[in-house]
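So you can see what is in the structure, the chains are spelled out below.
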Amino acid sequence: MASGQLSRAEALACSGCRHACHVMLYADTKAQLFGRIPIKHIILMQMRFDGLLGFPGGLVNPSEETLESGLSRELSEELGLALPISVEDHVDSCFAPPSSPSSSSRLITHFYVKKMDEEQIREVERAAASTAADHGLEVLGMVRVPLYTMKGGGGLASFLSHSFIGNARSQLVHSMLRLNLVSPRELHKALTHSLKTHA
Ligand code: GTP
Ligand code: MN
Ligand code: MN
Ligand code: MN
Ligand code: MN
Ligand code: MN
């Protein structure tokens, strides 16, 4: 386990901590951009009310709900449909960097990954843009992550140059690597280029 990380049990033992759960929903696809660039995978993120990119999910109260049922509740609000999340979907838990020096209780962020079918992802996108209670309010829209790199550097590198909430960017990068959604070489290239364009 990397430094700063907690087991699920250790995290729940912290009674004074606040908890937030977020999930990366993704699917495989055969679709091709311009009929020639394989998309390979669909990863869903969202444009938040604060202009930052993040994953769907939110604050959970472990004294009233399990982490997973709380995450499902957040997904109903933000995506407009009930998605069952199980303990097996849990990836890691870690302390969020303190948002301000005066903030009283520490926040623990729990991260989940759930693989779906392409058609299920499309259903999530439709619901998020129509029936979701938070649409246009807390959530400005769902976005797919471009995983390819175009000649000239567009694609993943440009996406990674945007601003992300908390450690959502590293959750994305580590998941792409761990699940082999992008080759280490391509990811390294995109990360290097995104740092250059970021400055
Ligand atoms: P409210 O309903 O307004 O309370 O929002 P919410 O419950 O949907 O909470 P939100 O999704 O904003 O998450 C709560 C906190 O978790 C945020 O203030 C961030 O500090 C952090 N956070 C939000 N999204 C992510 C994410 O994708 N990854 C990580 N690591 N942290 C996140
Ligand atoms: Mn066109
Ligand atoms: Mn929410
Ligand atoms: Mn949220
Ligand atoms: Mn909430
Ligand atoms: Mn809310």
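Keep in mind that this is a model prediction, so the values were computed, not measured.

Participant: Would you take a moment to explain the overall build of the chain for this structure?
Facilitator: Each helix and strand in the chain was counted, giving 6 helices and 10 strands. Along the first, second and third principal axes, the C-alpha set of the chain runs to 50 × 35 × 30 Å. Across the 199 residues that make up the chain, the buried fraction comes to 44%. In the chain, 66% of the contacts between residues at least 6 apart in sequence involve partners at least 24 apart. Carbon and sulfur atoms form 56% of the exposed surface of the chain, whose accessible area is close to 10,400 Å². In the chain, 19 side chains carry a positive charge and 20 a negative one; their mean positions are 12 Å apart.

Participant: Sorry, what's going on with helix α5 (residues 168-178) here?
Facilitator: Think of an α-helix as turning once every 3.6 residues; residues three or four places apart then point the same way. Among all positions of α5, only A168, Q171, L172, V173, S175 and M176 are buried. Just beyond α5, the residue with positive phi is N180, at close to 60°.

Participant: Explain the packing of aromatic side chains here, please?
Facilitator: The geometry of an aromatic ring pair is captured by the separation of the ring centres together with the interplanar angle, meaning the angle of the planes. Using the criterion set out here, one finds 2 aromatic pairs in the structure. One Lys or Arg, R106, reaches over the ring of F95 and ends 4.2 Å from the middle of that ring.

Participant: For this particular structure, what's the right way to read the nonpolar core?
Facilitator: Nonpolar side chains tend to gather and get buried jointly when the protein is soluble and globular. M24, I43, M45, V145, L156, L172 and M176 are the most contacted members of the largest nonpolar core, which totals 23 residues. Where this core is concerned, the elements lending two or more residues are β2 (18-28), β5 (41-48), β9 (107-115), α4 (156-160), α5 and α6 (184-198). Excluding its chain neighbours within four sequence positions, the residues that come into contact with L156 are V145, P146, L147, Y148, M176, V182, L187 and A190.

Reading guide: rules and limits
Residues numbered from 1 in each chain as written. Chains lettered and ligands numbered in written order. Predicted model: local features only at pLDDT ≥ 70, side-chain atom pairs only at ≥ 80, totals over all residues. Heavy atoms only, no water. Helix = DSSP H or I, 4+ residues; strand = E, 2+ residues; numbered from the N terminus. Buried < 20%, exposed > 50% of the residue type's maximum accessible area, 1.4 Å probe, protein only. Contact = heavy atoms within 4.5 Å. Areas by Shrake-Rupley, 256 points an atom, 1.4 Å probe, with all protein chains shown as cover. Lys, Arg positive; Asp, Glu negative; His and termini not counted. Charge placed at Lys NZ, Arg CZ, Asp CG, Glu CD. Phe/Tyr/Trp six-rings, centres within 6.5 Å; stacked < 30°, edge-to-face > 60°. Lys NZ or Arg CZ within 6 Å of the ring centre and 35° of its normal. Core = buried A, V, L, I, M, F, W, Y, C linked by side-chain atoms within 4.5 Å.

Function-wise, these values are silent; they only describe arrangement.
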